[in-house]
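# Fold and contact review
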Amino acid sequence: MATRGSRSEKVRRIFQQFDTNHDGGLNREEMAALVVAVNPRVKFSDEQINAILDEVFRTYGEFIDGEKGLTYEGLLRTYDDGAGDVDRDFDALGLELNFDETKGVSIASEASSSSIVDERVVESQKKQRTAAWAVSPNHGIVFDDTWKIVDDLEILIKRLKAKQAKDGKLKADNFDAYSDAGWSRELGPSSEISEKRVFWEESGHDYASFVKELGVLRSRADGARSREEAFDGHMAIGRVLYEHQLFKEALVSFKRACELQPIDVRPHFRAGNCLYVIGKYNEAKEEFLLALEAAETGGNQWAYLLPQIYVNLGIALEGEGMVLSACEYYREAAILCPTHFRALKLLGSALFGVGEYRAAVKALEEAIFMKPDYADAHCDLASALHAMGEDERAIEVFQKAIDLKPGHVDALYNLGGLYMDLGRFQRASEMYTRVLAVWPNHWRAQLNKAVSLLGAGETEEAKKALKEALKMTNRVELHDAISHLKQLQKKKVKPNGAANGEGAFVIVEPSKFKTAGERTTLRQDLSAALEIRSFQRITRLSRCDVELLKKEMSDKDVPVSYSGGGVPERSIRKPNLEEILRRLLNFLKPETFQGAVKAINERILSVLDDMGSGRVDLGMFYAVLAPICSGPPEKRKRVAFDALLWRPVNEGGSQIRKVDATGYIKLLRSIYVPSHGTSEILEVHGETDTSMVSFSEFLSMFDDRDWGFGIMSTLLKLETGDRNRHGNHICSVCRYPIIGSRFKEMKAHFSLCNQCYSEGKVPSSYKQEEYKFKEYGSETEVMKDKCMCFTLHSNNDP
């Protein structure tokens, strides 16, 4: 760990470099020169420079010395608060430290025998022998006895480290290859050691002895002369333990400090940091909320820390998968501190995570403007650009991220995906190979490498890559992929310009697809139902019991508000809606929940909040969700009706307004079956109609196949049968094993899977005027069909 001396000395050298009039302060002109010099690749306008200086001089007003400007202590504070990177700025200016300066002892002081000088040297050593926080104005050590405790603790940790290193128990993982989640320096280990995560062996005798001796130091802190000194001792113990990544023990100290001074921001903030690092995100969130409450009631004393509390609270919420809520806090941090590039990066990444791509690009570009070498911001910006279809620019930005950090796994992996989307399979396989060089057990990269090799026509290499992926994970899709490859080799089919090795096919217009019998699904209906089923899978709403929606309506009292048109409704902000979704989908892991929220935001909330107000009609939201939740179909329709009844405009009765029913079905269709278009019949029924609709009338409107949501019957069929396998039957187009329904062409006797049938694909070797398909949900139905045919033939025999 670098000493306080090296860090503070670097700041001092930077300060001296720009204090051109040597008055002990950086005035606006000198500060502007510093900002420009440490950002050589950025061309600032006068307005931007003035905005940055206004923010610095306002935020650090207590460190402004009249006309002289920002003091050395003020500049040091800006770096301590994460407004800049000391090492990066120092290197950018081409400065060098004298070796003896980093030791904290000047050559002159060693030669001197003056007792005053000796005392000064001892004081200097004392302040420089520990980390940056120890002598900072608001976080530093106050009492002399605390210094003694810190000294003893450093010795104990050094002893433990030596014993564990000797026994080979101390593990350190290099995290340099992984994407930085934007975790603030205030949060993680000190910047000097953040690239190394240390894992202490906690089960042995050495560690038990260390904890016992640590208990003695804690008792010394508790036995201090005053509550303030005891608080100082526990905070210092916690900070030293935290710096050495002994997070569980640090948490104990910070919790004790919370007990001693419950309304102090710092112990709650530090306890939250510890809890996050050890993976207790919900508890971390609670501590940050306590810190926020203390900061907001403590006046300007903690104003400088507020942006960081907002950032860390957002990160803790992201840890739980609550990305919409996290966006709110990142925005607050960026408003309070416009130069906080990390808050802007996190905001951009979170907006990208919920599908708000344009807003994400804006925030990420701002972060990169302030910190041009921010590799992670470049990576997420490129991903957002790709999502918006700006692929060529996205490739450039991904490449920039990789140039800044050659082992950036996310940038390499996502660039591979972009090349796959563009059909540049050779380049894609190169990217996945580079991912595997950094992260050898990345099974998704291995699988994608196999697919890209297949697209490039290298079947043998693809087969090897697939087998490697199978060694990493035994997932069923890998078995299917290998089976698919074997089919390709057996048939020796010619790829039809497709990446997945499909055989030659033609796409037939819908009118030429006929069905044999009423039970066979229409091609257009299947296409729309497959899309809804895919949405159900991404959001996991098919595992959410529709009864839970009913429970939410009865349990939660949502206040009534008025829309722009003066209509009363129970509207709710998106972050609050996310909390409801978390309760409904409480079985999901955070990262899976985040994906669900993104899909819901893109598909449902964007339609319900078409004005961009950030608020959603909750009753309508429940009604839209009900048909795709789990439960009997009649129950789903009943809950949808009850949700409309729950809205203030209909509340208290047993009927809903006809205009609400038609508006609801119009919304359903625009959200779930936009490809079918919205029927004009909706307009014919009249939106000024004041008549009321009962539940039975609502059902007939809902089930109408032409302009209602009649597609639900097809969706139900998919829900019950989309895992059915059909023995050794292979789709004649995509060559994959058929799962779900099998569509058999009655004349040519070839079979299609759900997807190929819905897309109208048929093998090009079977050219007919029209195609007649019969749908089989399982092989049992095939056997029944054969038996029936056999019976008919028998009866027809003479």
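Cut-off values and rules
Residues numbered from 1 in each chain as written. Predicted model: local features only at pLDDT ≥ 70, side-chain atom pairs only at ≥ 80, totals over all residues. Heavy atoms only, no water. Helix = DSSP H or I, 4+ residues; strand = E, 2+ residues; numbered from the N terminus. Buried < 20%, exposed > 50% of the residue type's maximum accessible area, 1.4 Å probe, protein only. Areas by Shrake-Rupley, 256 points an atom, 1.4 Å probe, with all protein chains shown as cover. Expected span 1.5 Å × (residues − 1). Core = buried A, V, L, I, M, F, W, Y, C linked by side-chain atoms within 4.5 Å. pLDDT = per-residue confidence, 0-100. Contact = heavy atoms within 4.5 Å. Pairing = 2+ DSSP bridges. UniProt positions renumbered as here; feature names shortened; annotations may be inferred. Salt bridge = Lys/Arg side-chain N within 4 Å of Asp/Glu carboxyl O. Axes fitted to C-alpha atoms, helices over the stretch in contact; angles between N-to-C directions. Parallel < 35°, antiparallel > 145°, perpendicular 65-115°, else oblique. Left-handed = near helix turned anticlockwise from the far one by under 90°. Phe/Tyr/Trp six-rings, centres within 6.5 Å; stacked < 30°, edge-to-face > 60°.

### Let's talk about the overall build of the chain
- A tally of helices and strands in the chain yields 37 helices and 18 strands.
- When burial is assessed residue by residue, the chain has 51% of its 798 residues classed as buried.
- Only carbon and sulfur atoms are counted for the fraction: they give 51% of the accessible area of the chain, which is about 37,500 Å².

### A word on helix 31 (residues 633–646)
- Over its 14 residues, helix 31 runs 20 Å from end to end, which matches the ideal 20 Å to within 8%, given 1.5 Å per residue.
- In terms of residue burial, helix 31 counts as a mostly covered element, since 10 of its 14 residues are buried.
- Turning to helix 31, its buried residues are Arg636, Lys637, Val639, Ala640, Phe641, Asp642, Ala643, Leu644, Leu645 and Trp646.

### Notes on the nonpolar core
- Grouped together as the largest cluster of nonpolar side chains are 183 residues, with contacts concentrated most on Phe210, Ile604, Phe621, Tyr664, Tyr672, Phe698 and Leu752.
- In this structure, Ile14, Met31, Ala32 and Val56 belong to the second largest nonpolar core, which totals 28 residues.

### Quick notes on the confidence of the model for the chain
- Confidence in the prediction of the chain, expressed as mean pLDDT, is 83, and 82% of residues score 70 or more.
- Confidence, expressed as mean pLDDT per element, reaches its minimum in the chain at helix 7 (residues 107–111) with 29 and its maximum at helix 20 (residues 391–404) with 97.
- Per-residue pLDDT stays below 50 along residues 99–130; that stretch engages in 32 contacts with residues further than four places along the chain or on separate chains.
- Under a pLDDT of 50 for its full length, residues 493–501 has, in the predicted model, 20 contacts with residues more than four places off or in other chains.

### Some points on helix 16 (residues 323–336)
- Relative to the 20 Å expected for 14 residues at 1.5 Å per residue, helix 16 spans 20 Å between its end C-alpha atoms, a close match to the ideal helical length.
- Residues of helix 16 that are buried make contact with helix 15 (306–319), helix 17 (341–353), helix 28 (574–584) and helix 29 (590–608).

### Things to note about the sheet that holds strand 15 (residues 742–745)
- Taken in spatial order, the 4 strands make up an open sheet running 6-18-15-16, and their pairing is mixed. Two strands bound the open sheet, and with one partner strand each, they are strand 6 (513–515) and strand 16 (751–752).
- Here 4 bridges tie strand 15 to strand 18 (residues 771–776), and the two strands are oriented antiparallel to one another. Residue arginine 742 lies in a different strand from strand 18, and its bridge partner there is tyrosine 776.

### Quick word on the pairing of strand 15
- By the bridge criterion, 2 bridges tie strand 15 to strand 16 in an arrangement that is antiparallel. Across the sheet, lysine 744 pairs through a bridge with serine 751, a residue of strand 16.
- What sits between strand 15 and strand 16 in their antiparallel hairpin is a turn of 5 residues, with histidine 749 showing a positive phi close to 65°.

### As for unusual backbone geometry
- One non-glycine residue with positive phi stands out, namely histidine 22, at about 55°.
- Here histidine 22 shows up in the loop between helix 1 (4–18) and helix 2 (28–37).
- A positive phi angle, near 65°, is found at histidine 749, a position not held by glycine.
- Within the fold, histidine 749 resides in the loop between strand 15 and strand 16.

### Some points on the UniProt feature "repeat: TPR" (unreviewed entry) in the chain
- The UniProt record marks residues 231–264, 341–374, 375–408 and 409–442 with the feature "repeat: TPR" (unreviewed entry), using the residue numbering of this structure.
- Structurally, residues 231–264 comprises 79% helix and 0% strand, and the distance from its first C-alpha atom to its last is 10 Å.
- As annotated, residues 375–408 has a helix share of 79% and a strand share of 0%, and its two end C-alpha atoms lie 8 Å apart.

### A word on the pattern of salt bridges
- The final tally for this structure, using the stated rule, is 40 salt bridges.
- Arginine 28 is the salt-bridge partner of aspartate 54, the closest N and O atoms lying 3.0 Å from each other. Taken as a pair, aspartate 54 in helix 3 (residues 46–59) and arginine 28 in helix 2 lie far apart in primary sequence, 26 residues in all.
- The class for arginine 28 is partly exposed, based on a relative accessible area of 32%.
- Taken together, the salt bridges that share partners define one network made up of Asp145, Lys148, Arg225 and Glu229.

### A few points about the packing of helix 19 (residues 375–387) against helix 21 (residues 409–421)
- The geometry of helix 19 relative to helix 21 is characterised by a closest axis approach of 10 Å and an angle of 20° between their N-to-C directions. Considering the angle they form, helix 19 stands roughly parallel to helix 21. The two elements helix 19 and helix 21 meet at a crossing, and its hand is left-handed. Contacts between helix 19 and helix 21 involve Cys379, Ser383 and His386 from the former and Asp410, Ala411, Asn414, Leu418 and Asp421 from the latter.

### Concerning the packing of aromatic side chains
- Counted under the stated rule, the structure contains 26 aromatic pairs.
- On the basis of an interplanar angle of 65° and a centroid distance of 5.6 Å, the ring pair of phenylalanine 702 and phenylalanine 709 is categorised as edge-to-face.
- On the basis of relative accessible area, phenylalanine 709 is assigned to the buried category, the value being 1%.
- Taking 5.9 Å as the distance between ring centres and 75° as the angle between the ring planes, the aromatic pair formed by phenylalanine 750 and phenylalanine 773 counts as edge-to-face.

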